[in-house]
Amino acid sequence: NAGVTQTPKFQVLKTGQSMTLQCAQDMNHEYMSWYRQDPGMGLRLIHYSVGAGITDQGEVPNGYNVSRSTTEDFPLRLLSAAPSQTSVYFCASSYKHTQYFGPGTRLTVL
Amino acid sequence: AQSVTQPDIHITVSEGASLELRCNYSYGATPYLFWYVQSPGQGLQLLLKYFSGDTLVQGIKGFEAEFKRSQSSFNLRKPSVHWSDAAEYFCAVVHGSGNTGKLIFGQGTTLQVKP
């Protein structure tokens, strides 16, 4: 199993550009989440999904959209990137309360 | 509201010395607690978890943690630190009830190991 995969690993955007961070898991987990990591703040939950077709907001959802059309994929969309969204983004899938994290995407917004 | 506090932002220990990283949580019921480690530029790796039962939990890489309900703590320990243990450590608690896949993280503790 590949586990949780994320693409791209690095991305630089200009303010106002849009992009999608990809996340996929091959463990057939129902629950998936997106977090952002900023220095001194730990990881904060952006959006999560409890199954295909079901998503909900986390602690810091503004500026981000998600959808879950399949069990495997959970993309995160930035519609109009802002410098405040410069961060490292982690996707995770969850089974029996235990989360398995992807390797992360480092995003810089200029 | 649920929260997790890691009081120490940075800790420096000598190689071979013992280590204790502190974690305090705020949660009404019995919490599901985790410790993750993140090496520079890497993702998060699960060290250990506590759901119920024995309050002393063993994890990977020689780490252990003790759940103390009376102190709302879940401190991580290792008897002898290795240089490869230098990393950032995160304590986390499951948010809410049910298996929603939501974690609340502490701010993290950066461990530096002196030779």
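Residues numbered from 1 in each chain as written. Chains lettered and ligands numbered in written order. Predicted model: local features only at pLDDT ≥ 70, side-chain atom pairs only at ≥ 80, totals over all residues. Heavy atoms only, no water.

### A look at the packing of aromatic side chains
The final tally for this structure, using the stated rule, is 14 aromatic pairs over all chains. Members of the aromatic cluster, connected to one another through ring pairs, are Tyr35(A), Phe101(A), Tyr32(B), Phe34(B), Tyr36(B), Phe51(B), Phe90(B) and Phe105(B). Its guanidinium or amino end placed over the ring of Phe74(A), Arg68(A) lies 5.9 Å from that ring's centre, counting from NZ or CZ. (Phe/Tyr/Trp six-rings, centres within 6.5 Å; stacked < 30°, edge-to-face > 60°. Lys NZ or Arg CZ within 6 Å of the ring centre and 35° of its normal.)

### Concerning the interface of chain B and chain A
The interface is formed by 22 residues belonging to chain B together with 21 residues belonging to chain A. In total, chain B and chain A occlude about 1700 Å² of area from one another, counting both sides; carbon and sulfur atoms represent 56% of this. There are 0 salt bridges connecting chain B and chain A. Within the residue set of the side of chain B that touches chain A, elements represented by two or more residues are strand E5 (33-38), strand E6 (44-50), strand E10 (87-94) and strand E11 (103-105) of chain B. Of the residues in the side of chain B that touches chain A, the class split is 10 nonpolar, 9 polar and 3 charged. (Contact = heavy atoms within 4.5 Å. Buried area = accessible area lost by both parts, 1.4 Å probe. Salt bridge = Lys/Arg side-chain N within 4 Å of Asp/Glu carboxyl O. Helix = DSSP H or I, 4+ residues; strand = E, 2+ residues; numbered from the N terminus. Nonpolar A, V, L, I, M, F, W, Y, C, P; charged D, E, K, R; others polar.)

### Structural notes on the sheet that holds strand E8 (residues 76-78) of chain A
Residues and elements named next belong to chain A. Across the sheet, 4 strands lie side by side as E1-E3-E8-E7; this open sheet has antiparallel pairing. The strands lining the two open edges of the sheet, one partner per strand, are strand E1 (4-7) and strand E7 (64-66). The mean angle between the axes of side-by-side strands here comes to 20°, regardless of whether they run parallel or antiparallel. Of the pairings in the sheet, the one linking E7 to E8 comprises 3 bridges and is antiparallel in character. Residue pairing in the sheet places Asn65 in a bridge with Arg77 of E8. (Pairing = 2+ DSSP bridges. Axes fitted to C-alpha atoms, helices over the stretch in contact; angles between N-to-C directions.)

### Here we look at the state of the cysteines
All names here are of chain B. Applying the stated criterion to the full structure yields 2 disulfides over all chains. Across the disulfide, Cys23 is cross-linked to Cys91 (sulfur-sulfur distance 2.0 Å). In this structure the cystine formed by Cys23 and Cys91 twists about its S-S bond by roughly -65°; its chirality is therefore left-handed. With Cys23 in the loop between strand E3 (19-21) and strand E4 (24-26) and Cys91 in strand E10, the pair connects residues that are 68 residues apart, well separated along the chain. The pair Cys23 / Cys91 is uniform in exposure class, with both members buried. (Disulfide = S-S within 2.5 Å. Buried < 20%, exposed > 50% of the residue type's maximum accessible area, 1.4 Å probe, protein only.)

### Thoughts on the environment of Ala92(A)
Residues and elements named next belong to chain A. Take Ala92: it is sitting in strand E9 (residues 87-95). By relative accessible area, Ala92 is classed as buried at 0%. C-alpha of Ala92 to C-alpha of Thr71: the two residues are 21 residues apart in sequence and 13 Å apart in space. Residues within four places of Ala92 in sequence aside, it is in contact with Tyr31, Met32, Ser33, Tyr35, Gln99, Tyr100 and Phe101.

### Notes on the layout of surface pockets
To find the voids left in a structure, one rolls a probe of water-molecule size over its atoms. Quantified by volume, the largest pocket comes out at close to 470 Å³. Forming the walls of the largest pocket are 23 residues, and the residues nearest its centre are Gln37(A), Val88(A), Arg106(A), Gln38(B) and Gly41(B). Taken together, the elements giving at least two residues each to the lining of the largest pocket come down to E9 and strand E11 (105-109) of chain A together with E10 of chain B. A total of 3 residues in the lining of the largest pocket trace back to one element, the largest contributor, which is E10(B). Among the residues forming the lining of the largest pocket, the class breakdown is 8 nonpolar, 11 polar and 4 charged. (1 Å grid on protein atoms, 1.4 Å probe; cavity = no way out; pocket = protein on both sides within 12 Å on 5 of 7 lines; lining within 4 Å. Points joined across faces, edges and corners; volume = space filled by probe spheres on them.)

### Considering the pattern of salt bridges
Summed over the entire model, instances satisfying the criterion amount to 6 salt bridges over all chains. For the salt bridge of Arg77(B) with Glu66(B), the shortest nitrogen-to-oxygen distance reads 3.2 Å. Pair noted here: Arg77(B) is in strand E9 (residues 73-78) and Glu66(B) is in strand E8 (residues 64-68), with a separation of 11 residues, a long-range link. For Glu66(B), a relative accessible area of 23% gives the class partly exposed. Because the salt bridges share partners, they merge into one network encompassing Arg36(A), Asp38(A) and Arg44(A).

### What to know about the side chain of Asp38(A)
Residues and elements named next belong to chain A. With respect to the helices, strands and loops of the structure, Asp38 is situated in the loop between strand E4 (31-37) and strand E5 (43-51). Of note is the side chain of Asp38, whose polar atom sits 2.9 Å from the side chain of Ser87. Discounting chain neighbours no more than four positions away, the residues touching Asp38 are Arg44, Thr86 and Ser87. (Polar contact = N/O pair within 3.5 Å; in protein donor to acceptor, adjacent residues only side chain to side chain.)

In short, shape yes, function no, at least from these values alone.
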